[in-house]
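So you can see what is in the structure, the chains are spelled out below.
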Amino acid sequence: MHQTIGNLSKEFRNMPKVSVIVPVYKTMATLPRTLDSLLRQTLTDFEVIIVDDGTPDKAGIIADEYAARDPRFKVFHQENRGLAEARKSGQRLATGDYHMHLDSDDTLTDDALEVMYNFSIQQETDLLFPGFNRVMPDRTTPIAPYHSDIIFNSRQAIERMLDQSFEYYGGMCFSHRRLWQDLDAMFPPADVRLPSEDIITNFRLALLASRIGAIPHPVYNYYYNPNSLTALGTFYTQDLIHAFFDELEQTLATAGLSDDLTLALDEMKLHYVGFYVKDVDTSDPWVAHLRAIPKSKLRLKYKVLQSLLWNNTLRRTLIAANRYFKRILKK
């Protein structure tokens, strides 16, 4: 069924158990497999909110065809505003008890919605991070946030997300609708370009949640492209990484947590600056602070990254070698 953002009729205000939000832009080749995976779900009480973000290819037409065949699929067409704004549009229109985002080049396992919904109801969680499959041309590898089912409170989840011991894929969480009451507060401003809006949004969801679950059961199929910028290792400008952490620190400060988690934040900064900034400007006071952290406070990985801030050429060479061998191991 085809609607525009400003023309949402009351018939869509029924309350399904789950809303799946699918932003679409230049994915006509992969969108059918994404939507077909939703048609195979063992839990059938769901809606699919497809947001055509001004795609120039035929992906919007494909989405309309699915909506014409199944009333659970609703398509909303808008001018191109970017991924974060497309997701925000989808959230604004979602009516389900629980919400999930699905990229239009990925898929869900047949039992995905049933597994996540049942766990969330039984354990009374309002945020859930499931396992996922990394799908490559020659094999599929399951990735689990933890090796067994586990429940966190908000503070415990934030600590693990900061120290990156919590393995999760950015936009893949399963969340209760109550966490999305203030959409403008959940997404970074549209005029702020960040390396990953997903990470900021996940932190904000975790701060609002009272019970957060993680399950090893893989429900999301992430199609890994070895030639993508992500796989090859994107470098960002220092200003962009700085802006990302300004946004994250503001998020934590609003919850009164930034002072308590200073070291964890600094180690996360060392990770991002060390791995993702091409040319580190050591005269920047922001970087000077990272270089001045006593090594005795840092874990081994971050001691190494801190030392490499002094030599951009050596750091880039070692990181390129690290990424090369990781790609070889994944083949």
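These remarks concern the structure in this document. (Residues numbered from 1 in each chain as written. Predicted model: local features only at pLDDT ≥ 70, side-chain atom pairs only at ≥ 80, totals over all residues. Heavy atoms only, no water.)

**A look at the pattern of salt bridges**
Basically, it comes down to this: Here, a salt bridge means any side-chain nitrogen of Lys or Arg that lies within 4 Å of a carboxyl oxygen of Asp or Glu. Each helix corresponds to a stretch of at least 4 residues labelled H or I by DSSP, and each strand to a stretch of at least 2 residues labelled E; elements are numbered beginning at the N terminus. Working definition: with a 1.4 Å probe on protein chains only, accessible area under 20% of the residue-type maximum means buried, over 50% means exposed, and in between means partly exposed.
Applying the stated rule across the entire model yields 15 salt bridges. Taking the shortest distance from any N to any O, the salt bridge between Glu85 and Lys88 comes out at 3.4 Å. Here Glu85 pairs with Lys88, and both are found in helix α3 (residues 83–93), just three residues apart, close to one helical turn. Accessibility assignment for this pair places Glu85 and Lys88 in one class, buried.

**What about unusual backbone geometry?**
Leave glycine aside and you will find that most residues have negative phi; peptide bonds, for their part, are mostly trans. Of note in the backbone geometry, Lys26 takes a positive phi value of approximately 55° without being a glycine. Mapped onto the elements, Lys26 comes out in the loop between β2 (18–24) and α1 (31–39). With a phi close to 55°, Glu124 is a non-glycine residue in the positive phi region. Within the fold, Glu124 resides in the loop between α4 (112–123) and β7 (127–135).

**Let's talk about the packing of aromatic side chains**
Keep this limit in mind: Between 30 and 60 degrees the pair is tilted, below 30 it is stacked and above 60 it is edge-to-face, where a pair is any two Phe, Tyr or Trp rings, Trp via its six-membered ring, whose centres lie within 6.5 Å. When the NZ atom of lysine or the CZ atom of arginine is within 6 Å of a ring's centre and also within 35 degrees of its normal, the charge is said to sit over that ring.
Applying the stated criterion across every chain, the model contains 11 aromatic pairs. A network of ring pairs unites the aromatic residues Tyr236, Phe244, Phe245, Tyr272, Phe275, Tyr276 and Trp286 as a single cluster. Geometry around Tyr223 places Arg33 over its ring, the cationic atom sitting 3.7 Å from the centre. Stacked on the ring of Tyr66, the Lys or Arg Arg69 has its end atom at 4.5 Å from the ring centre.

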